[in-house]
Structures are given as structure tokens and as C-alpha cells.
Amino acid sequence: MSGSDGASEDAVRYEATEGGVAILTFNRPERLNAWGPDIAAGFYAAVDRAEADPRIRVMLLTGSGRGFCAGAYLGTPSSAATYGETMERAGQADLAELVGERPPHFVTTLRKPVIAAINGACVGIGLTLALMCDVRFAAAGAKFAAVFARRGLIAEFGISWILPRLTTWGVALDLLLSGRTFLAEEAAQLGLVKEVVAPENLMARALDYAHDIAQNCSPASMAVIKRQVYGDATRDVTDATARAEVLLHEAMPRPDVIEGITSFLQKRPPQFPSLNSTDA
């Protein structure tokens, strides 16, 4: 694996495996990787690096220490006395100054799959970001919470869009209105995570999954499928079907289709071409 470039990116570690997976690790364990400008900048830089590298086919996002991302960084207990003044200024500020230049849903627009390995506390904006990832694994006992109502806030940064789509309206309203804490096991029952894994096995399982699709699935196909799934969320079935027909005609001449069928018939692993930085 290769390490990150430069101390400015130490808030998010970057590693690339030989199997084509970029591992992005939130690296502020002393605050449970609570979101702040340092993590935001490091995350955007790491994502851009992985998107531009044709050797990378899948991204895997996790956290160091005991937390995945415990919401926005609110400061230390000693800062509580001045928070009224701080929030008044925040209400007049550009949100980009508070949480970074990109909203969490930008993850859904990336060409490459993003897998979340939720190792611990996944709260607030951390939960929103995790839900915007394409597939989620969680460590047994990891804590989740959409705490916005308990902080006097609203459902932030697109969680009111993604949460009902992953579960149901009733479940989404329960979690958002109550702001209650729930564990990974319930998250799996609600459809928010694919699997719950023993903490010591989490990264191995998530990496195994990521390497499997990196090695056996067409990068071009995965990029188009992501665009279809998230784009079709706002279309009716007739429009989605018509759009799929157009995309299918566009896909047929690509070398990925020939390689996919040929490798299947020859009973060998596929050798799909990589995405270049200019590929749409």
C-alpha cells in the first residue's frame, strides 16, 4: 500500500492497494473523527485523487480509533458558554465555511463505488455521509444516531432524501424525529447496512468485498449503474426504462461488454479497461 502525500492530508489517510482499492481513513481519533474543516479538506483531496487515478476502481471509507465520524465538531465543554454567539454568527455564514465546499450527496455523483466500513460512532453529518456511500458494512455494536432534533437542528445535508429511500417513511421519521441512538444490528435490520461484522474482521471483510468488485466488475458499467440508480430516484419507471434503453445502446460497442462475455465463456477472470480521468 502507498501512503498519503504531505502532512496537510493527515486528517484523512490515503492508501492504495494493489487490487485497485483506495482506502480513505478519517484520522482524528481523539475527537471520534468529528467533522471539521481539516477532515473536509482532506476527504475532498483524497476523493479527487482516487477519482483521477485509473488504477483505483473502488474507494473504501472508514475511521481511525473508536469512531467513524461522530457528527460535526462542536468544540470542547469549555466552549459551551459562548455557543449562543457562535451560532448567531453561523446562521449568517456560508455553510461551506462550516462543513466544507461539497455537500455529502456529492459522493453519489462519483464514478467509482464508495464502500463505507463503519467502525464506530456514526452520527449527524457522519451518518448522512455514510448513507450517501453505495454500500455499508458496520462493526458489531457501532452506534448510529440522527441527532439533529436533539441539537435543535433540522434534517441536514440531504439525509431527509436518502434515509426514506434506504428504509421507509416510517423508519426515517422515527430516526429523525427521535434522534435516538441505535446499534449496527438494528441498522442492518432496517436496511441501512449490508452486513454487521465483528470489529476485528470489519476491514478484512469490507476490503474483500471491495477487491472482488474491483477485479470482476467493469468500471464503466459501475459508473453508469451509479448514475442510473441515483438519477432514477427522481424519475418514474417509464422514464427510467427509456433512459436505460439509451444507455444500453451506448454500452454495447464498448470493449467492456465484449470482455465481460468473452471472459465468462472462457471461464477466466475479466480484464476490464480502467476509467481515465476524462471518462464521463
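Everything numeric here is computed off the predicted structure, so don't read it as measured data. (Residues numbered from 1 in each chain as written. Predicted model: local features only at pLDDT ≥ 70, side-chain atom pairs only at ≥ 80, totals over all residues. Heavy atoms only, no water.)

Novice: Quick question: what am I supposed to make of the confidence of the model for the protein here?
Specialist: Predicted coordinates in regions of low pLDDT should not be interpreted in detail. With 80% of its residues at a pLDDT of 70 or more, the protein shows a mean pLDDT of 84. Long-range and interchain partners of residues 1-8, a stretch whose pLDDT sits below 50, account for 14 contacts in this model, where long-range means more than four residues apart. Below pLDDT 50 for its whole length, residues 77-93 participates in 4 contacts with residues either more than four positions away or in separate chains. (pLDDT = per-residue confidence, 0-100. Contact = heavy atoms within 4.5 Å.)

Novice: Would you mind going over the packing of aromatic side chains with me for this structure?
Specialist: One pair of aromatic rings is described through two measures. These are the centre distance and the angle between the planes. Summed over the entire model, instances satisfying the criterion amount to 9 aromatic pairs. Residues F26 and W35 carry aromatic rings whose centres are separated by 6.0 Å and whose planes lie at 90° to one another, so their mutual orientation is edge-to-face. Taken as a pair, F26 and W35 share a single burial class, namely buried. Between W35 and F43, the aromatic rings sit 6.0 Å apart at their centres with planes inclined by 75°, giving edge-to-face as the arrangement. Residue F43 is classed as buried on the basis of its relative accessible area, which comes to 2%. Site record: aromatic cluster; members linked through ring pairs are F26, W35, F43, Y44, F68 and F106. Positioned above the aromatic ring of Y14, the side-chain terminus of R49 is 3.9 Å from the ring centre. (Phe/Tyr/Trp six-rings, centres within 6.5 Å; stacked < 30°, edge-to-face > 60°. Buried < 20%, exposed > 50% of the residue type's maximum accessible area, 1.4 Å probe, protein only. Lys NZ or Arg CZ within 6 Å of the ring centre and 35° of its normal.)

Novice: Sorry, what's going on with the nonpolar core here?
Specialist: The biggest cluster of nonpolar side chains holds 51 residues, and the ones touching the most others in it are F26, W35, F43 and F144. At 7 residues, the largest contribution of residues to this core is made by helix α1 (residues 37-52). Every residue in contact with F144, bar those within four places of it in the chain, is listed here: I118, C122, L127, A138, R180, T181, F182, L183, A184, A187 and V193. Of all hydrophobic cores here, the second largest spans 17 residues; its members include I23, A117, I213 and M222. (Core = buried A, V, L, I, M, F, W, Y, C linked by side-chain atoms within 4.5 Å. Helix = DSSP H or I, 4+ residues; strand = E, 2+ residues; numbered from the N terminus.)

Novice: How should I be thinking about the packing of helix α5 (residues 159-166) against helix α6 (residues 169-178) in this particular structure?
Specialist: Geometrically, a packed helix pair is captured by the angle between its two axes and the distance between the axes. In contact at an axis separation of 7 Å, α5 and α6 are set at 130° when each is read in the N-to-C sense. Classified by the interaxial angle, the pair formed by α5 and α6 is oblique. The handedness of the crossing between α5 and α6 is right-handed. Here I159, L163 and P164 of α5 come into contact with α6, specifically with W169, A172, L175 and L176. Here the contact of α5 with α6 is built from residues that sort into 7 nonpolar, no polar and no charged. (Axes fitted to C-alpha atoms, helices over the stretch in contact; angles between N-to-C directions. Parallel < 35°, antiparallel > 145°, perpendicular 65-115°, else oblique. Left-handed = near helix turned anticlockwise from the far one by under 90°. Nonpolar A, V, L, I, M, F, W, Y, C, P; charged D, E, K, R; others polar.)

Novice: For this particular structure, what's the right way to read α5?
Specialist: Taken together, the buried positions of α5 are I159, I162, L163 and P164. Where α5 is buried, its residues meet α4 (125-132) and α6.

Novice: Before we go on, may I ask you to explain a nonpolar patch on the surface in this structure?
Specialist: Side chains of W169, L173 and L177 sit close together on the surface and give an oily, nonpolar patch of about 410 Å² of accessible area. Here L177 is to be found in helix α6. (Patch = residues over 30% accessible without salt bridge, like charges linked within 9 Å, V, L, I, M, F, W, Y side chains within 5 Å. Areas by Shrake-Rupley, 256 points an atom, 1.4 Å probe, with all protein chains shown as cover. Salt bridge = Lys/Arg side-chain N within 4 Å of Asp/Glu carboxyl O.)

Novice: Hey, could you run me through helix α9 (residues 219-232) in this one?
Specialist: Since the α-helix turns once every 3.6 residues, residues separated by three or four places project in the same direction. With 14 residues, α9 extends 20 Å between its outermost C-alpha atoms, agreeing within 8% with the 20 Å of an ideal straight helix rising 1.5 Å per residue. Those residues of α9 that sit buried are P219, A220, M222, A223, V224, K226 and Y230. The N-cap of α9, judged by a side-chain oxygen 3.3 Å from the amide nitrogen of A220 a few residues on, is S218. (Expected span 1.5 Å × (residues − 1). Polar contact = N/O pair within 3.5 Å; in protein donor to acceptor, adjacent residues only side chain to side chain.)

Novice: I keep staring at the side chain of S64 and nothing clicks. Help me out?
Specialist: Within the fold, S64 resides in the loop between β3 (58-63) and β4 (67-70). Given a relative accessible area of 10%, S64 falls into the buried group. Setting aside residues no more than four positions away along its own chain, S64 makes contact with R13, T25, F26, N27, R28, P29, N33 and N119.

Novice: Would you explain the environment of I225 in this entry?
Specialist: Assignment of secondary structure puts I225 in helix α9. Given the relative accessible area of 46%, I225 is considered partly exposed. Spatially, the C-alpha atoms of I225 and R111 are 9.2 Å apart, while their sequence positions differ by 114 residues.

Novice: Would you mind showing me how to read the sheet that holds strand β5 (residues 114-118) here?
Specialist: Remark on secondary structure: sheet strands pair via backbone hydrogen bonds, oriented parallel or antiparallel. Sheet architecture is open: 6 strands sit in the order β1-β2-β3-β5-β7-β10, paired in mixed fashion. At either margin of the open sheet sits one strand with a lone partner, and together these are β1 (12-16) and β10 (195-197). With strand direction ignored, the average angle separating the axes of adjacent strands in the sheet is 20°. As defined by bridge partners, β3 adjoins β5 across 3 bridges and the pair is classed as parallel. Across the sheet, residue L61 finds its bridge partner in β5, namely A116. In this fold α1 packs onto β1, β2 (21-26) and β3, with an angle of close to 15° to the strand it touches most, β1. (Pairing = 2+ DSSP bridges.)

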